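Chain and residue survey
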Amino acid sequence: MKELFHSLQQRLNEIVVGQGAIAQGLIVALLAEGHVILEGVPGTAKTLLVKLLARLIAAEFRRIQLTPDVLPADILGTSIFDFNSRTFRLRKGPIFTQVLLADEINRTPPKTQAALLEAMEERQVTLDGTTLPLSGLFWTVATQNPLEFEGTYPLPEAQLDRFLFKLVVPYPEATAERQMLENALAGFEARHLDQLDQLNLEPLITVEEVLAARQQVRQVRVEPVVLDYLLALVQASRQHPELLLGASPRAAVGWLRASQAQAWLEDRAYVTPEDVKAIATPLLQHRLILKPEAQLDGTTLPQVIQGILAKVAVPR
């Protein structure tokens, strides 16, 4: 099973060059049953990565382009009157899928953003008083642009906390970008994936195997000293003098699950402190809030996170 996921990561790296760390973060989140925010400037293959990953695990994929005029019913669905049967019929929205891409989530108003809350946390949707379960795989990846703030609606803390990771997608390095240009000369176009037979985009893993792998991840052993270390990091974030808001209990549970997934991908049956530290930045950087005076001093969240990791003693 682990070999399949290693092959999956390798395949993603072959097609989307220069974003290996982001691909690994997505796979860790998928195994840990956690949703993801992808933040990056336009054109850095955010949508392509998610679309490819959904295809390679044979999952149903839907994309919602979020704009200021998108309504909750456009995501969840609504009841429509059937004149033939003289009854109301439920028309399900795009959220009833396995992999959901919420593109530019910060461009849609809070009321529409909130439509995702129940689905992300409880894997169900309530419409007209009826609760409908979502797919067992249900996984949301949201994208946002970090540069354009006019006409955007920043996600509230309660919704940000429902995302396991925030992965910041960088520009590719020069060698990777050159390879991307050579691929373009050879005929690669992301919008024409269905026509690119040479890519061999046959699924490598099934949805059932992803669900089985998630169960294996939960069996990865966590020693009491490692659990205490993780808890000490969470407590340190709440007591940090430069932070207005630290990690939540939900963040602690997500940290535990993601550490297990990280260890599982590394072919280990137990979690080490290095696994906990490896995912600290993507897990915390969207949850912590700096105090205004810290922001004025030029302090950044990655600096605070690294400071917390350096301050808390690593168990031996």
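My aim in this report is to walk through the structure given alongside it, one point at a time.

Reading the values: rules and limits
Residues numbered from 1 in each chain as written. Predicted model: local features only at pLDDT ≥ 70, side-chain atom pairs only at ≥ 80, totals over all residues. Heavy atoms only, no water. Helix = DSSP H or I, 4+ residues; strand = E, 2+ residues; numbered from the N terminus. Rg over C-alpha atoms; globule rule 2.2 N^0.38 Å. Contact = heavy atoms within 4.5 Å. Areas by Shrake-Rupley, 256 points an atom, 1.4 Å probe, with all protein chains shown as cover. Lys, Arg positive; Asp, Glu negative; His and termini not counted. Charge placed at Lys NZ, Arg CZ, Asp CG, Glu CD. Expected span 1.5 Å × (residues − 1). Buried < 20%, exposed > 50% of the residue type's maximum accessible area, 1.4 Å probe, protein only. Arc of directions from axis to C-beta. Phe/Tyr/Trp six-rings, centres within 6.5 Å; stacked < 30°, edge-to-face > 60°. Lys NZ or Arg CZ within 6 Å of the ring centre and 35° of its normal. Core = buried A, V, L, I, M, F, W, Y, C linked by side-chain atoms within 4.5 Å. Salt bridge = Lys/Arg side-chain N within 4 Å of Asp/Glu carboxyl O.

**Details of the overall build of the protein chain**
Looking only at helices and strands, the protein chain features 15 helices and eleven strands. Rg of the C-alpha trace for the protein chain: 20 Å, near the compact-globule value of 20 Å for 316 residues, within the 12% margin. In terms of overall dimensions, the protein chain has C-alpha extents of about 70 × 50 × 40 Å along its principal axes. Residue pairs at least 24 apart in sequence account for 78% of intrachain contacts in the protein chain once pairs closer than 6 positions are excluded. Per element, the accessible surface of the protein chain, about 15,600 Å² overall, is 54% carbon and sulfur. Charge separation in the protein chain, taken as the distance between the mean sites of 30 positive and 36 negative side-chain charges, equals 4 Å.

**Concerning helix 9 (residues 207-218)**
The terminal C-alpha atoms of helix 9 lie 17 Å apart, and with twelve residues this matches the ideal 16 Å at 1.5 Å per residue to within 8%. Residues of helix 9 that are buried include every one of Val 207, Val 210, Ala 213, Arg 214 and Val 217, and no others. Buried residues in helix 9, looked at end-on, bunch into an arc of 115°, giving them a common side. In this structure, the buried residues of helix 9 make contact with helix 1 (2-15), helix 2 (20-31) and helix 11 (249-265).

**Observations concerning the packing of aromatic side chains**
Following the criterion strictly, the structure yields one aromatic pair and no others. For the pair Phe 5 and Trp 264, a centre-to-centre distance of 5.5 Å together with 80° between the ring planes defines the contact as edge-to-face. You can see Phe 5 sitting in helix 1 and its partner Trp 264 sitting in helix 11, a full 259 residues away along the chain. No difference in accessibility class separates Phe 5 from Trp 264, as the two residues are buried. Over the ring of Phe 96 we find Lys 92; its NZ or CZ atom is 5.0 Å from the centre of that ring. The ring centre of Tyr 270 lies 5.8 Å from the NZ or CZ of Arg 268, which sits over that ring.

**Observations regarding the nonpolar core**
Core analysis: the biggest nonpolar cluster contains 72 residues, and Phe 5, Leu 26, Ile 57, Phe 165 and Trp 255 have the highest contact counts within it. Apart from the residues lying within four places of it in its own chain, the contact partners of Leu 26 are Val 36, Leu 38, Leu 49, Leu 53, Trp 139, Val 141 and Leu 167. Core analysis: the second largest hydrophobic core is formed by 24 residues, Val 70, Leu 116, Leu 127 and Leu 160 among them.

**Description of the pattern of salt bridges**
Tallied over the entire structure, the rule returns 13 salt bridges. Note that Asp 103 is salt-bridged to Arg 63, the shortest N-O span being 2.5 Å. Highlighted residues: Asp 103 in strand 5 (residues 99-103) and Arg 63 in strand 2 (residues 61-65), separated in sequence by 40 residues. Judged by relative accessible area, which is 6%, Asp 103 ranks as buried. Taking the shortest distance from any N to any O, the salt bridge between Arg 178 and Glu 182 comes out at 3.3 Å. Of this pair, Arg 178 and Glu 182 both sit in helix 8 (residues 174-185), separated by four residues, roughly a single helical turn. What makes Arg 178 exposed here is its relative accessible area of 57%.

**Quick notes on unusual backbone geometry**
Most peptide bonds are trans, and most residues other than glycine sit at a negative phi. Here the phi dihedral of Ala 45 falls at roughly 70°; this positive angle occurs in a residue that is not glycine. Following the sequence through the fold, Ala 45 ends up in the loop between strand 1 (35-39) and helix 3 (46-56). A positive phi is found at Glu 104, a non-glycine position, where the angle reads about 55°. Summarising the element assignment, Glu 104 is placed in the loop between strand 5 and helix 5 (110-113). Taking relative accessible area as the criterion, Glu 104 reaches 25% and is therefore assigned partly exposed.

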